[in-house]
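These are the residues of each chain, in order.
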Amino acid sequence: MAATDFANEISALRTTLGTIRAVSDPDALRAQIAELSDKASAPDLWDDTDAAQKVTSALSHAQSELERLDGFTQRIDDLETLVQMAVEEDDEDTLADAEAELVTLRKDLGLLEVRTLLAGEYDQREAVVTIRAGAGGVDAADFAEMLLRMYLRWAERHGFPTQVLDTSYAEEAGLKSATFEVKVPYAFGNLSVEAGTHRLVRISPFDNQGRRQTSFAAVEVIPLIEQTDHVDIPDNEIKVDVFRSSGPGGQSVNTTDSAVRLTHIPTGIVVSMQNEKSQIQNRAAALRVLQSRLLLQRQAEESAAKKAMAGDVKASWGDQMRSYVLQPYQMVKDLRTEHEVGNPQAVFDGDIDDFIEAGIRWRRSLDRA
């Protein structure tokens, strides 16, 4: 790549970063960090563990965001210096290093730019993800477990803490359903584009005749409830059932009636929790998820009413949003964005950032239409 090309590319990177900084507002981040630092240094901070964790988590996130913004400024400056050095010394190896860094910078900055598109009411929230096996029998249950592993590996790649709240195991293999939390800001904004019906096509490992099987799994993503949301549920609207946990477990699991199932009578929404050790913990976790689902339902109803009044007939997400094909060829394709890759194993190992980025950009394009 010629030096003049580098000059144009670096100028474009600075322009993009300038736009991102204008949206992210570093000065507001610094003020937020100062305020949260004062709260974090309060001597009685840990008298309320939940509140303390929220403060420290928010502080860590704000500091990381500011460091990331400042870090990109430094990386672009370093790239410019590297290019100048390579040109002055006519060093092909250094120029190749600069080209590689340019590619990495462009990709990393693109991911950061996507963050600025997450401006929905609940996009900054942590996320609760539920995966359910659909049509396809044991293959669907196995597919549900594959998706659970995919999302947990994605979170692990980014260092995002997760907690599996509930797992319902299928009889032969895989999962009937699983629910987990991703405990990091903007988890909902990112993962909300993963919601929908996922399809797997492969030679079934459970079919002794080696036939090709199509199976489905549903992914639900909701924002984690916060105390300020005030989703009050009267006790007489909740039916509570307790039962013994099933599946693999350790001490205190499978030995007592610690699992909890909450049914919201007016809506029929059912939430089960069994992965905590005590009935009290499972009930608290189930109530939190139930409140989150009711919050999302309320938001959807309000949005639908607004669209009806405005005569909005934009296309919905649709039932089937992504296909994972292992046979007769290798491909993963998002049917909304048309983004596709030819390495399903990498996707199942958690390499889904490009799908998430494409989904966020696609959703934003619909909002602007």
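For the structure itself, consult the block above.
What you are looking at is a predicted structure, and each value in this text was computed from that prediction instead of being measured.

Q: Any chance you could explain helix α4 (residues 92–115) here in plain terms?
A: For α4, spanning 24 residues, the distance from its first C-alpha to its last is 35 Å, which sits close to the expected 34 Å at 1.5 Å a residue. What α4 keeps buried is the set T94, L95, A98, L102, L105, L109, G110, L112 and V114. Where α4 begins, one side-chain oxygen reaches toward the backbone nitrogen of D93, 3.0 Å away; that side chain belongs to D91.

Q: What is the right way to look at the nonpolar core in this model?
A: Across soluble globular proteins, you tend to see nonpolar side chains buried next to one another. Of all hydrophobic cores here, the largest spans 58 residues; its most connected members are I131, L147, Y151, L191, Y324 and F348. Here the element with the most residues in this core is helix α5 (residues 137–158); it accounts for 9 residues. Core analysis: the second largest hydrophobic core is formed by 26 residues, L45, L69, A86 and L105 among them.

Q: Just to check I follow, could you spell out the packing of helix α3 (residues 49–89) against α4 for this structure?
A: A pair of packed helices can be characterised by two numbers: the angle between their axes and the separation between those axes. Packing of α3 against α4 leaves a shortest axis separation of 10 Å and a crossing angle of 155°. Our classification of the angle between α3 and α4 gives roughly antiparallel. Of the two elements, α3 crosses α4, and the hand of that crossing is left-handed. Contacts between α3 and α4 involve H61, E65, R68, L69, F72, R75, I76, L79, L82, V83 and A86 from the first element and T94, L95, D97, A98, E101, L102, T104, L105, D108, L109, L112 and R115 from the second.

Q: Looking at this structure, I do not really get the pairing of strand β3 (residues 175–182). What am I missing?
A: Of all 8 residues in β3, 7 are buried; the element is thus mostly enclosed. Relative to β3, strand β1 (residues 127–133) runs antiparallel, the two being bridged by 6 bridges. Along β3, the bridge assignment pairs V128 with E181. With 7 bridges connecting them, strand β2 (residues 162–169) and β3 associate as antiparallel partners.

Q: What should I look at first to understand the environment of Q297 in this one?
A: With respect to the helices and strands, the residue Q297 is situated in helix α7 (residues 279–310). With relative accessibility at 30%, the residue Q297 sits in the partly exposed group. Taking the C-alpha atoms as reference, Q297 lies 9.5 Å from I222; in sequence the two are 75 residues apart. Setting aside anything within four residues of it in sequence, one finds Q297 in contact with T267 and I269.

Q: Looking at this model, I keep getting lost on empty space enclosed by the protein. Mind explaining?
A: Rolled over the atoms, a probe as big as a water molecule pinpoints where empty space is left. This model, assessed by the stated rule, comprises 1 cavity of 30 Å³ or more. For the largest cavity, the calculated volume is near 30 Å³. Around the largest cavity, the lining residues are R115, W154, F160, V184, P185, Y186, A187 and N190. Partitioned by chemical class, the residues of the lining of the largest cavity number 6 nonpolar, 1 polar and 1 charged.

Q: Honestly, the sheet that holds strand β6 (residues 238–243) in this entry has me stumped. Any pointers?
A: Sheet strands associate in pairs through backbone hydrogen bonding, adopting either a parallel or an antiparallel arrangement. Strand order in the open sheet formed by 3 strands is β6-β7-β8, and the pairing between neighbours is antiparallel. Of all strands in the sheet, those bounded by a partner on one side alone are β6 and β8 (269–273). Strand-to-strand twist of the sheet, defined as the mean angle between neighbouring strand axes without regard to direction, takes the value 15°. For β6 and strand β7 (residues 259–264), the ladder comprises 6 bridges, and the chain directions are antiparallel. Bridge assignment links D241 to a residue of β7, and that residue is R261.

Q: Explain the sheet that holds β2 to me, please; I cannot follow it from the model alone.
A: Taken together, the 8 strands give an open sheet; going across it, the order is β2-β3-β1-β5-β4-β9-β10-β11, and neighbouring strands pair in mixed fashion. Looking along the sheet, the strands with just one partner apiece sit at the ends: β2 and β11 (340–341). Along the sheet, α5 makes contact with β1, β2, β3, β4 (196–203), β5 (212–223) and β9 (320–325), crossing β5 at roughly 45°.

Q: Hey, could you run me through unusual backbone geometry in this one?
A: Apart from glycine, the bulk of residues carry a negative phi angle, and the bulk of peptide bonds sit in the trans form. With an omega of 5°, the peptide bond running from Q327 to P328 counts as cis. Mapped onto the fold, P328 is located in the loop between β9 and β10 (331–334).

Q: Is there a simple way to explain the packing of aromatic side chains in this structure?
A: We describe a pair of aromatic rings using the distance from one ring centre to the other and the angle between the two ring planes. Using the criterion set out here, one finds 3 aromatic pairs in the structure. When the ring of F143 is compared with that of Y324, the centres are 5.5 Å apart and the planes differ by 70°; the resulting orientation is edge-to-face. Highlighted residues: F143 in helix α5 and Y324 in strand β9, separated in sequence by 181 residues. Each member of the pair F143 and Y324 is classed as buried. Through a chain of ring-to-ring contacts, three or more aromatic side chains come together here, namely F143, Y324 and F348. The ring centre of W362 lies 5.5 Å from the NZ or CZ of R336, which sits over that ring.

Q: Just to check I follow, could you spell out the environment of T130 for this structure?
A: By the element assignment, T130 lies in strand β1. With 48 residues separating them in the primary sequence, T130 and A178 have C-alpha atoms 5.6 Å apart. A distance of 3.0 Å separates polar atoms of two side chains, one belonging to T130 and the other to T179.

Cut-off values and rules
Residues numbered from 1 in each chain as written. Predicted model: local features only at pLDDT ≥ 70, side-chain atom pairs only at ≥ 80, totals over all residues. Heavy atoms only, no water. Helix = DSSP H or I, 4+ residues; strand = E, 2+ residues; numbered from the N terminus. Expected span 1.5 Å × (residues − 1). Buried < 20%, exposed > 50% of the residue type's maximum accessible area, 1.4 Å probe, protein only. Polar contact = N/O pair within 3.5 Å; in protein donor to acceptor, adjacent residues only side chain to side chain. Core = buried A, V, L, I, M, F, W, Y, C linked by side-chain atoms within 4.5 Å. Axes fitted to C-alpha atoms, helices over the stretch in contact; angles between N-to-C directions. Parallel < 35°, antiparallel > 145°, perpendicular 65-115°, else oblique. Left-handed = near helix turned anticlockwise from the far one by under 90°. Contact = heavy atoms within 4.5 Å. Pairing = 2+ DSSP bridges. 1 Å grid on protein atoms, 1.4 Å probe; cavity = no way out; pocket = protein on both sides within 12 Å on 5 of 7 lines; lining within 4 Å. Points joined across faces, edges and corners; volume = space filled by probe spheres on them. Nonpolar A, V, L, I, M, F, W, Y, C, P; charged D, E, K, R; others polar. Phe/Tyr/Trp six-rings, centres within 6.5 Å; stacked < 30°, edge-to-face > 60°. Lys NZ or Arg CZ within 6 Å of the ring centre and 35° of its normal.

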